[in-house]
Amino acid sequence: MGKRHGRRNRRKKQIKSIADQQKPVVRRHLIPNADTPLLDVVFERAVSDEDKAICLDYWSFTEPGSWSHKVADIGPTTAVLRVVKASCRAYLLTIVCPDCEAPKVIHSRSDMTATRKWTPADFPSVATLSGAPCKDCQQAADAEAALEAERAAEEQHKQNQARLDAASAWLQEQMERDFPAGYPSVIGALTLVSMVEVMQRKDAESIGPLQDLRYTLTASAETDVEVFRTLHQERWICPTLPATTGDFAFNDDGTVRGVYVTQIPWRLAPSLGSKTAARRDVTALLSEMLIDRGDEVQQQAHALQAGMAVNYLEGLLIRTYNEEPIPEHRLPDAYETFLGALQEGFTLGQLIAIAWSAAAAAVAWGQRTPGLKPGNVSAAAVTNVGRRIGFLHDRRIDEYDLPNWVARPATLGTALRILEQHTAEIEALSRFRTVRQRIEARLLEAAEFDGDIADLQEQQESNVDHSMGSFIDDLKAGRKREPNGPVITYALVTLDGELEFHTDPVDGMRDKVGSAGAGVVDRIHLPSPSTVHAYVAELVTASSEHCNPVADEILRLLDCHDGPFYGPISFFAIGACSPRPRSLDEDQQEMLRAAHEVARGRVKLTST
């Protein structure tokens, strides 16, 4: 009301100003007469008397609803209309603007008809508000609205920029968070490994947004959201670009409260390392954790498969038999029935065959039973599943393939691979730990005497200068050093992941390892067992061509986490009181074979 009142006052002043300016030069022509004026004809300047007469005849009437002269009687229609339009304008004195209360302006009889008041009964004799503002008020309102929109757009732009800055700062804070404080849950670890697999297949640094994926990582989209939220809180993942301010939730003060989980891409937390290293390390770390917790992984796999079996049964009833969905109160029964069967040893393929048979039997029962309510057939199918599972214990059951229209959670494939690896690894890992404990528990004095003899023998047999200066002199002169020193048996992990045992002089072992780089090696002191050390090549190009993931995994099993290393890596024994290389004994060789078996399986799992 305040704005309208202001415009009305301004318009009144404008009308009064215009009227004051025109008083000396304009004479009012009131129609039908000065006593009951309804229409005021105002002429433009320098209009001839002849054109004025045409205009007055055009606008003349004695009673609303009928004109005094037909246009054809005044003159040629086109000419008359042209003269009227160019020479004058008419004001309806009793129809006023609702904003400024100025009379309504018309330019032709058609404008008069358009008012819908051109009848004796409807035409007002006193001032009446028009249904719409006048042209000047409308223009003023449009201009004010445009100015208001411009101010609002500018304010919105400032707000958007402030939100953009806040979102960018928040994302940067997420990138700088600390390393995760602990392991994720089993479902969280399966989700992380599945994320890495998806990113590796697509050669991307992120996954999502979740709302754009045509699959789920866990049992459902809702579970995906909960798992991602937990992984973010535990600092395993963080949101990343591309994103818009609409993907963020803001507090009243403009700071970021959080993100909408399904609307933004996600990546591994930068604290885990660079792209390649993070993927490898996270997959290796979590795969080892999952293998150690194989029973929990099995429970997750069963839960996912039970959900898939329920979805198949319900989809079969709806898609094939046009039945109602399974009643909501029977869905938990169906899930628990399938889950119990899986835990008892049934496979998913067998449950699919049972569900198919149960649905067919329920539909046949419904067709021969009149008066059933909607959902009775679907509920009967759930009952049939339970009965068939109980009947088919210890009997041969065919397996059916799951149709493509049943969604397969990405974590199910990861869980099944973990379980397969768990079965194969558990024996090798147990053997590795047993042998390592036996080596560590062995009395050091038992190996002391042999170590001293080997050290003395090496000291007596080798008169070669092994200094770096000697090596550089030989390198400059183009002389190839002949392998020298005591002959030992050592293990070598090649670039293709094979474990080989060689019997060579110590210099020969160093040359095989150092050949991948500048010819020099670095010794790794393994904490457990402390009587085994390793040689790695120095100055090797860090590339996929020289990476050795199997050797890296063996080193991690031996509690060395300084990798990744590149090139072939050798393992050798040392004396109890001397760091000089010596031959691996049978226990040490057996330990390395078991570690290699475990490492090969894990590398195969992470590269799948």
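The coordinates are above.
In this text the structure is predicted, and so the values were computed from the model without any measurement. (Residues numbered from 1 in each chain as written. Predicted model: local features only at pLDDT ≥ 70, side-chain atom pairs only at ≥ 80, totals over all residues. Heavy atoms only, no water.)

Visitor: Can you lay out the packing of aromatic side chains for me, pointing to particular residues and giving the numbers?
Guide: Under the defined criterion, the tally for this structure stands at twelve aromatic pairs. An angle of 90 degrees between the planes, with centres 5.8 Å apart, marks the rings of phenylalanine 61 and tryptophan 67 as edge-to-face. According to the relative accessible area criterion, tryptophan 67 is partly exposed, its value standing at 21%. With centroids separated by 6.4 Å and ring planes inclined at 45 degrees, the aromatic side chains of phenylalanine 248 and phenylalanine 250 adopt a geometry described as tilted. The exposure class of phenylalanine 250 is buried, given its relative accessible area of 10%. (Phe/Tyr/Trp six-rings, centres within 6.5 Å; stacked < 30°, edge-to-face > 60°. Buried < 20%, exposed > 50% of the residue type's maximum accessible area, 1.4 Å probe, protein only.)

Visitor: Outline the environment of threonine 223, supporting the account with residue identities and numerical values.
Guide: Mapped onto the secondary structure, threonine 223 falls in helix α8 (residues 221–233). Note: C-alpha distance between threonine 223 and isoleucine 187 (36 residues apart in sequence) is 10.0 Å. A polar contact of 2.9 Å, which involves the side chain of threonine 223, links it to the side chain of serine 220. (Helix = DSSP H or I, 4+ residues; strand = E, 2+ residues; numbered from the N terminus. Polar contact = N/O pair within 3.5 Å; in protein donor to acceptor, adjacent residues only side chain to side chain.)

Visitor: If you had to explain the pattern of salt bridges to someone new, which residues and values would you point to?
Guide: Applying the stated criterion across every chain yields a total of 19 salt bridges. For arginine 89, the salt bridge goes to glutamate 44, with nearest N and O atoms at 2.7 Å. Here the residue arginine 89 occupies a position in strand β3 (residues 88–96), and glutamate 44 occupies one in the loop between β2 (39–43) and α2 (49–59), the gap between them amounting to 45 residues. What makes arginine 89 buried here is its relative accessible area of 16%. By relative accessible area, glutamate 44 is classed as partly exposed at 35%. (Salt bridge = Lys/Arg side-chain N within 4 Å of Asp/Glu carboxyl O.)

Visitor: Could you give me a rundown of the packing of helix α7 (residues 186–202) against helix α14 (residues 410–441), with the residues and numbers involved?
Guide: It is the contact of α7 with α14, at a shortest axis distance of 9 Å, that shows an interaxial angle of 105 degrees. Considering the angle they form, α7 stands roughly perpendicular to α14. Mapping the contact onto sequence places Leu190, Thr191, Val193, Ser194 and Glu197 in α7 and Ala410, Thr411, Thr414, Ala415 and Arg417 in α14. Of the residues belonging to the contact of α7 with α14, the class tally is four nonpolar, four polar and two charged. (Axes fitted to C-alpha atoms, helices over the stretch in contact; angles between N-to-C directions. Parallel < 35°, antiparallel > 145°, perpendicular 65-115°, else oblique. Contact = heavy atoms within 4.5 Å. Nonpolar A, V, L, I, M, F, W, Y, C, P; charged D, E, K, R; others polar.)

Visitor: How would you summarise the side chain of threonine 218 if you had to cite specific residues and measurements?
Guide: Along the chain, threonine 218 falls in the loop between α7 and α8. The class for threonine 218 is buried, based on a relative accessible area of 1%. Within polar-contact distance, the side chain of threonine 218 engages the side chain of aspartate 224 at 2.4 Å. Here threonine 218 is in contact with Ile187, Thr191, Thr223, Asp224, Val227, Leu304, Pro409 and Thr411, once residues within four sequence places are set aside.

Visitor: Hey, could you go over helix α18 (residues 549–557) for me, with residue numbers and the actual values?
Guide: Counting buried positions along α18 gives seven out of nine residues, so the element sits mostly inside the fold. Listed as buried for α18 are Val550, Ala551, Asp552, Glu553, Ile554, Leu555 and Leu557. Positioned one or two residues after α18, aspartate 559 has a phi angle of 70 degrees, which is positive.

Visitor: So what's going on with helix α11 (residues 331–343)? Residues and values would help.
Guide: In an α-helix, one full turn covers 3.6 residues, which means residues spaced three or four apart are oriented alike. If you check α11, its first and last C-alpha atoms are 18 Å apart, about what 13 residues at 1.5 Å a residue would give, namely 18 Å. Taken residue by residue, α11 has Ala334, Phe338, Leu339, Ala341 and Leu342 as its buried positions. The arc that holds every buried residue of α11, seen down its axis, measures 160 degrees, which confines them to one face. Looking at the buried residues of α11, the elements they touch are α10 (294–319), α12 (348–367) and α13 (376–391). Residue glycine 345 follows α11 closely and has a positive phi angle near 115 degrees. (Expected span 1.5 Å × (residues − 1). Arc of directions from axis to C-beta.)

Visitor: Outline the side chain of threonine 115, supporting the account with residue identities and numerical values.
Guide: The residue threonine 115 is located in the loop between α5 (109–114) and β5 (128–129) in this model. Judged by its relative accessible area of 17%, threonine 115 falls in the buried class. For threonine 115, the side chain forms a polar contact with the main-chain oxygen of methionine 112, separated by 2.5 Å. Ignoring anything within four residues of it in the chain, the contact list for threonine 115 reads Leu92 and Lys104.

Visitor: I'd like a rundown of the pairing of strand β14 (residues 569–574), residues and numbers included.
Guide: Counting buried residues in β14 gives six out of six residues, a clear majority hidden from the surface. By the alternation rule, side chains of β14 split into Ile569, Phe571 and Ala573 and Ser570, Phe572 and Ile574, which are all buried. Relative to β14, strand β10 (residues 487–493) is paired through three bridges, and the arrangement is antiparallel. Across the sheet, residue valine 493 finds its bridge partner in β14, namely isoleucine 569. Relative to β14, strand β13 (residues 532–537) is paired through four bridges, and the arrangement is antiparallel. Across the sheet, the residue bridging to alanine 534 is phenylalanine 571, located in β14. Hairpin connection of β14 to strand β15 (residues 581–582): six residues between the antiparallel strands. (Pairing = 2+ DSSP bridges.)

Visitor: How would you summarise the pairing of β10 if you had to cite specific residues and measurements?
Guide: Of all the seven residues making up β10, six are buried; the element is thus mostly covered by neighbouring parts of the structure. Where β10 lies against strand β11 (residues 499–505), seven bridges are found, and the strand directions are antiparallel. Residue pairing across strands places valine 487 opposite proline 505, the latter belonging to β11. Connecting β10 to the next strand, β11, in antiparallel fashion are five residues, including glycine 497 with a positive phi near 85 degrees.

Visitor: Could you give an account of the nonpolar core, with specific residues and numbers?
Guide: In this structure, Phe248, Leu290, Leu313 and Phe338 are the most contacted members of the largest nonpolar core, which totals 80 residues. Examining the composition of this core, we find that eleven residues originate from one element, α10, more than from any other. Grouped together as the second largest cluster of nonpolar side chains are 32 residues, Ala534, Val536, Ala551 and Ala595 included. (Core = buried A, V, L, I, M, F, W, Y, C linked by side-chain atoms within 4.5 Å.)

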